[in-house]
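Here's the letter readout for the chains.
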Amino acid sequence: MIFLVFFVITYFIIRFYCFFTLLKEVSFLIDTVLQILAEKKINACPNQRIIPIEYDEKAYYIKRKISNGRNALIKQNTAASFWCEAYKIMMVNQYFPLAPHIIFMSDDYFIMDAAGKTLQHIAKEPEYTFIRNNAFAKAGEALALLHSTGLHHGRPALHDIAYKRETNTITLLDWENERHFFSVDMKALDIFLFIHSCFREEWSTTQLIDIAVTAYLSVKGSAEQIMNVKQFVRHHAILFQLCRELASFGWINVTAVNWTRNYIEKI
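Here the structure is a predicted model, which is why all the values come from computation and not from measurement. (Residues numbered from 1 in each chain as written. Predicted model: local features only at pLDDT ≥ 70, side-chain atom pairs only at ≥ 80, totals over all residues. Heavy atoms only, no water.)

So, the overall build of the chain
For the record, the criterion: Only DSSP runs of H or I with at least four residues qualify as helices, and only runs of E with at least two residues qualify as strands; both kinds are numbered from the N terminus onward. Only protein chains enter the accessibility calculation, which uses a 1.4 Å probe. A residue is then buried if its area is under 20% of the maximum for its type, exposed if over 50%, and partly exposed in between. Every residue pair with non-hydrogen atoms within 4.5 Å of one another is taken to be in contact. Using a 1.4 Å probe, accessible areas were evaluated by the Shrake-Rupley method; residue-level cover was limited to the displayed protein chains.
When its secondary structure is counted, the chain shows 10 helices and 7 strands. By residue count, 43% of the 267 residues in the chain fall in the buried class. Pairs at least 24 residues apart make up 64% of the contacts formed inside the chain by residues separated by at least 6 positions. Working note: accessible area of the chain is about 14,800 Å², and carbon and sulfur atoms make up 60% of it.

Take a look at the structure:
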């Protein structure tokens, strides 16, 4: 027993040492001019949490350790969310480049490469009509690859998934969500929340959802996660019955829960 405790403590010490070593290495890679420009931007926008910035003909985003004033029940406190996100981003990118590329990290903010347009934007804008299907297929595949590592996102909504047309790549954004309200495999909850965010858009068809789910299932082992999300729906029948009763009020979040449940049952 003592050996097991010692092993667990040693394991986490090594993991956190590697994490902060990575942060130190990342910090040395940044151009000091970009750092100075970033701090000027922050001083000019003291209450802005995410700040776009351009330098040397390249786009970046600054993400600061301040609250966005929303989702207090879902997200952890500000400092915990900030460090949790940084840790998860670097963990994920050890397996696949699915999280933002952080080029500088400080105690109060980090700077990351711009990742393209969100799926929410791509689904609406006419200029993306001919690449829309591909973007959603890449998103489904990316989520499955993430889950294949044993990791999860927390809330892969359409506005937190970016597609970059120039590189044909997907980046999952906003890794702060770590509060759990259900006894469920968090990877299964990722699937539910992704589909739910699609239904919130009230599209006339499920074509884009179908494309994303098909791509998700194309990754080895992903069928098991679909079974897990089906099980989640079955095990929370009372909750879904309540949502069904409340649907008459027309609240889109609740109505989308019903549509999501129905869709998952038919996969």
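Brief notes about the sheet that holds strand β7 (residues 169-172)
Paired through backbone hydrogen bonds, the strands of a sheet run either parallel or antiparallel to each other. Stated precisely, the cut-off is as follows: Pairing between strands is defined by DSSP: at least two bridges between the two strands are required. Here, axes are lines fitted to C-alpha atoms. For helices the fit covers the stretch in contact, and angles between N-to-C directions go from 0 to 180 degrees.
On the basis of which strands lie adjacent, the open sheet formed by 3 strands has the order β5-β6-β7 and antiparallel pairing. The open sheet is flanked by β5 (117-118) and β7, the only strands paired with a single partner. Summarising the sheet, strand β6 (residues 161-164) and β7 pair through 4 bridges and their orientation is antiparallel. Paired with K164 across the bridge in β7 is T169. Of the strands in this sheet, β6 and β7 are in contact with helix α5 (residues 132-148), which crosses β7 at around 55°.

Here's the deal with the nonpolar core
We count it as follows: In this description, a nonpolar core means a group of buried Ala, Val, Leu, Ile, Met, Phe, Trp, Tyr and Cys residues linked to one another through side-chain atoms lying within 4.5 Å.
Of all hydrophobic cores here, the largest spans 56 residues; its most connected members are L119, F136, F192, F194 and I195. For this core, the leading source of residues is helix α6 (residues 186-199), giving 9 residues. Discounting residues that sit within four places of it in the chain, F194 has contacts with L119, F136, L143, P156, L158, I161 and A212.

Digging into unusual backbone geometry
The general pattern is negative phi for most residues beyond glycine and trans for most peptide bonds. At E57, a residue that is not glycine, the phi angle is positive and equals roughly 65°. Take E57: it is sitting in the loop between β1 (50-55) and β2 (58-64). Overall, the relative accessible area of 86% leaves E57 in the exposed class. Despite not being glycine, E202 has its phi angle at roughly 55°, a positive value. Mapped onto the fold, E202 is located in the loop between α6 and α7 (207-217).

Quick word on helix α2 (residues 32-44)
Rules: The span expected for a helix works out to 1.5 Å for each residue beyond the first. By arc we mean the arc of the directions from the helix axis to the C-beta atoms, nothing more.
With 13 residues, α2 extends 18 Å between its outermost C-alpha atoms, agreeing within 8% with the 18 Å of an ideal straight helix rising 1.5 Å per residue. The set of residues buried in α2 consists of L34, A38 and I42. The buried residues of α2 occupy one face: seen down the axis, they fall within an arc of 80°. Turned more than 90 degrees off the buried face of α2, the exposed positions are T32, K40, N43 and A44. At its buried positions, α2 is contacted by β1, β2, β3 (102-105) and β4 (109-113).

Re the sheet that holds β3
Taken in spatial order, the 4 strands of this open sheet run β1-β2-β4-β3, and their pairing is antiparallel. In this open sheet, the two edge strands, each paired with only one partner strand, are β1 and β3. Within the sheet, the average angular offset between the axes of one strand and its neighbour, ignoring direction, is 25°. Pairing geometry for β3 and β4, over 3 bridges, is antiparallel. Among the inter-strand pairings, I102 is bridged to a residue of β4, identified as M112.

With respect to the pattern of salt bridges
What counts, and what does not: Definition used for salt bridges: Asp or Glu carboxyl oxygen within 4 Å of a side-chain nitrogen of Lys or Arg.
A complete count under the given rule lists 12 salt bridges for this structure. A salt bridge links E201 to K124; the nearest nitrogen and oxygen atoms lie 3.7 Å apart. Here E201 is found in the loop between α6 and α7, whereas its partner K124 is found in helix α4 (residues 119-124), with 77 residues between them in sequence. Among the salt bridges present, the one from K187 reaches D185, with a minimum N-O distance of 3.2 Å. A cluster of three or more residues bridged by salt bridges with shared partners is formed by R49, K63, E85, R155, D160, D174 and E176.

Remarks on α5
With 17 residues, α5 extends 25 Å between its outermost C-alpha atoms, agreeing within 8% with the 24 Å of an ideal straight helix rising 1.5 Å per residue. By the burial criterion, the buried members of α5 are R132, A135, F136, A139, G140, A142, L143, A144, L146 and H147. Just downstream of α5 lies G150, where phi reads positive at about 90°.

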